[in-house]
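If you want the building blocks of each chain, they are given just below.
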Amino acid sequence: MPHDHAIGLLQDGGPGDSERLQLLHRLALNEQPTEPALEALVRAAARVTGCAVALVNLIDAEDAHHVARVGLAARCTPREQTFCHTALADAGDYFEVEDLASDPRFADLALVQGTTGLRHYASVPLRVGGQVLGTLCVIDPQPGRLAEADRATLQDLGHAAEAWLTLLHQRRLAEAQEQRLMDLVRAGSDWVWELDEQGRVVWLDGDFEACTGRSAADQLGRPFDTEALLAVGGLPPEGCHTLQDVLQRQEAFTRLVSRLVTPSGARILSRSAHPVHDLHGRFRGFRGASRDITLAVQHENAQREIAVDEGTRRHRSNFLSRVSHELRTPLNAILGFTQLMAQDRSAPLPPVQAERLASVQHAGRSLVEMVDDMLEIVLLQQGDRTLTPQAVTLWPLAQQALAEQRGDCEARQLAVTLTVPDGLQAMADPEALQQVLRQLVSNAVKYNRPGGRLALRAWSVGARVWLAVEDSGEGLGADKLRQLFEPFERAGAQRVPGSGLGLTLVREIGRAHV
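About the criteria used
Residues numbered from 1 in each chain as written. Predicted model: local features only at pLDDT ≥ 70, side-chain atom pairs only at ≥ 80, totals over all residues. Heavy atoms only, no water. Helix = DSSP H or I, 4+ residues; strand = E, 2+ residues; numbered from the N terminus. Buried < 20%, exposed > 50% of the residue type's maximum accessible area, 1.4 Å probe, protein only. Contact = heavy atoms within 4.5 Å. Polar contact = N/O pair within 3.5 Å; in protein donor to acceptor, adjacent residues only side chain to side chain. Pairing = 2+ DSSP bridges. Axes fitted to C-alpha atoms, helices over the stretch in contact; angles between N-to-C directions. Parallel < 35°, antiparallel > 145°, perpendicular 65-115°, else oblique. Left-handed = near helix turned anticlockwise from the far one by under 90°. Nonpolar A, V, L, I, M, F, W, Y, C, P; charged D, E, K, R; others polar. Salt bridge = Lys/Arg side-chain N within 4 Å of Asp/Glu carboxyl O.

**Q** Which residues make up the environment of Asp-292, and what values go with them?
**A** Among the structural elements, Asp-292 can be located in strand 12 (residues 283-292). Taking relative accessible area as the criterion, Asp-292 reaches 18% and is therefore assigned buried. For the pair Asp-292 and Arg-259, spaced 33 residues apart in sequence, the C-alpha to C-alpha distance is 10.0 Å. Excluding residues that lie within four positions of it along the chain, Asp-292 makes contacts with Asp-190, Cys-211, Arg-267, Ile-268 and Leu-269. Side-chain polar atoms of Asp-292 contact the side chain of Thr-294, separated by 2.6 Å.

**Q** Lay out the sheet that holds strand 17 (residues 464-471) in plain terms, naming residues and giving numbers.
**A** To summarise the sheet geometry, strands pair through backbone hydrogen bonds and adopt either a parallel or an antiparallel arrangement. Strand order in the open sheet formed by three strands is 14-16-17, and the pairing between neighbours is mixed. Pairing within the sheet leaves two strands with one partner each, and these edge strands are strand 14 (415-419) and strand 17. The sheet shows a mean angle of 10° between the axes of neighbouring strands, taken without regard to direction. Seen against the sheet, helix 10 (residues 394-404) touches strand 14, strand 16 (453-461) and strand 17 and runs at an angle of roughly 170° to strand 14. Contacting strand 16 and strand 17, helix 12 (residues 430-446) runs over the sheet at an angle of about 25° to strand 17.

**Q** Explain unusual backbone geometry to me, using residue names and the numbers behind them.
**A** One non-glycine residue, Ala-28, lies in positive phi territory at about 55°. Of note, the phi angle at Gln-413 is positive, near 55°, even though the residue is not glycine. Along the chain, the position of Gln-413 falls in the loop between helix 11 (406-411) and strand 14.

**Q** Give a description of the packing of helix 9 (residues 351-381) against helix 14 (residues 502-513) that names residues and reports values.
**A** Interhelical geometry of helix 9 versus helix 14 gives an angle of 25° and a closest axis separation of 9 Å. It follows that helix 9 is roughly parallel to helix 14 by the angle criterion. Where helix 9 crosses over helix 14, the two elements pack in a sense that is left-handed. Contact residues: Asp-373, Glu-376, Ile-377, Leu-380 and Gln-381 in helix 9; Thr-504, Leu-505, Arg-507, Glu-508, Ile-509 and Ala-512 in helix 14. Here the contact of helix 9 with helix 14 is built from residues that sort into five nonpolar, two polar and four charged.

**Q** Outline the environment of Gln-113, supporting the account with residue identities and numerical values.
**A** With respect to the helices and strands, Gln-113 occurs in the loop between strand 4 (95-97) and strand 5 (120-128). Discounting chain neighbours no more than four positions away, the residues touching Gln-113 are Ala-107 and Asp-108. For Gln-113, the side chain forms a polar contact with the main-chain oxygen of Asp-108, separated by 3.1 Å.

**Q** I'd like a description of the pattern of salt bridges, backed by residues and values.
**A** Going through the model one piece at a time under the given rule, you end up with 18 salt bridges. For Arg-511, the salt bridge is made with Glu-508, and the minimal N-O distance between the two is 3.5 Å. With Arg-511 and Glu-508 both in helix 14 and three residues apart, the pair spans about one turn of that helix. Note on Arg-511: relative accessible area 47%, which makes it partly exposed. For Glu-508, a relative accessible area of 5% translates into the label buried. Each of Glu-197, Asp-278, Arg-282 and Arg-284 takes part in one network of salt bridges that share partners.

Read these as layout, nothing more, since geometry by itself doesn't imply function.
What follows is the structure, encoded as structure tokens:
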């Protein structure tokens, strides 16, 4: 007769069934090869009880999975066709049926019907985490009843199976927790590592190979290469110059920045680590994480350089603006007085003095032009000059720029060509564009060779319009080209008259149009 201690252990769709099914899913035993420990338990159960079949069953929403079995080939049986399903629903700590064929709960099951059907069934529930997951059961084709000693042994084996399943569950929870921690570490680093007490790498995981270009297998068993510490984001610990100096302290460190030389070039790394100690407090190594911050450091350095350059440019612009304003007043006074002297008919100057006065006037006008250019550059850089882009026909502006230089072109016997399609227009401020053309043509004349050529061309490509001024001068090397647009840089052409501001003005006008 069965031992009836109904406690509602297994209810389909009940509030506890979802948690039970999640626990079964976490164990994942039905997806793994048979566990030797559980196989040993069912062999012992069959041997002690003398039954033909012994099973460890884990029951999910649809099937009973025989995760360890003796005397039965099938790995699972539909849940409604099993004895364990009813046993768990109706029994407490032990469930036994002497003759299944005589019990209306089981008589119609396929495993019972026929001359070869099963008759005797005994089981104990398997509980893990407060949830009944299945049974350890023995089944035999002959009716019978277990002796008290065999029943106690079956219960002891059930406790052993419960203990094994509980340990497995704890291991699965630990693995899941470890995976979550690893995911967090990887989210904040590129790779993680572990060192032994001798500083040798015993474990690497993550993007070590991708970041360093080195094989993780080659790094195992070896200490880290010497890495110089960098003062990025803070100073290194006092007295420490390399990563190895810090590791020798056997102390935790955070976001320590070092420079690692790799086959693909130097990399900047941020490392954090914590020392590992055994139960007796002895140092056993480090566990740490590393992140490649090369691009971040390069970006930060570039931004810092840009900020410095902008600050320098701003101070220079302010200085030029102040100097330009201070120069204009005395220059205008000088030019005004020289003009009065040149036009004074009541006291005309002797020819020699008049010639010298003309030289003063020429120098004064050159200085005024330079001051005006300086002010123009400052206004453009500070955004204080308002440009008004509009559709500008290029031919008249180009023709005017060449006409202004006709005398010098003829004096130097330059061959001049103008190639601008009729009606070609560009969106630009007319006055500013005229300044650009005037400056470029003037340079092409001044820096040309006698008998050379000068060409001014314009053409369109899609929505863009291109302007080019070409000459046959000596040209510039790469080192001079880098200085070409800097204020007062003459690129080695000091023998040619000029202030060194013209191309700087051209650049600023171009930038103001973007």
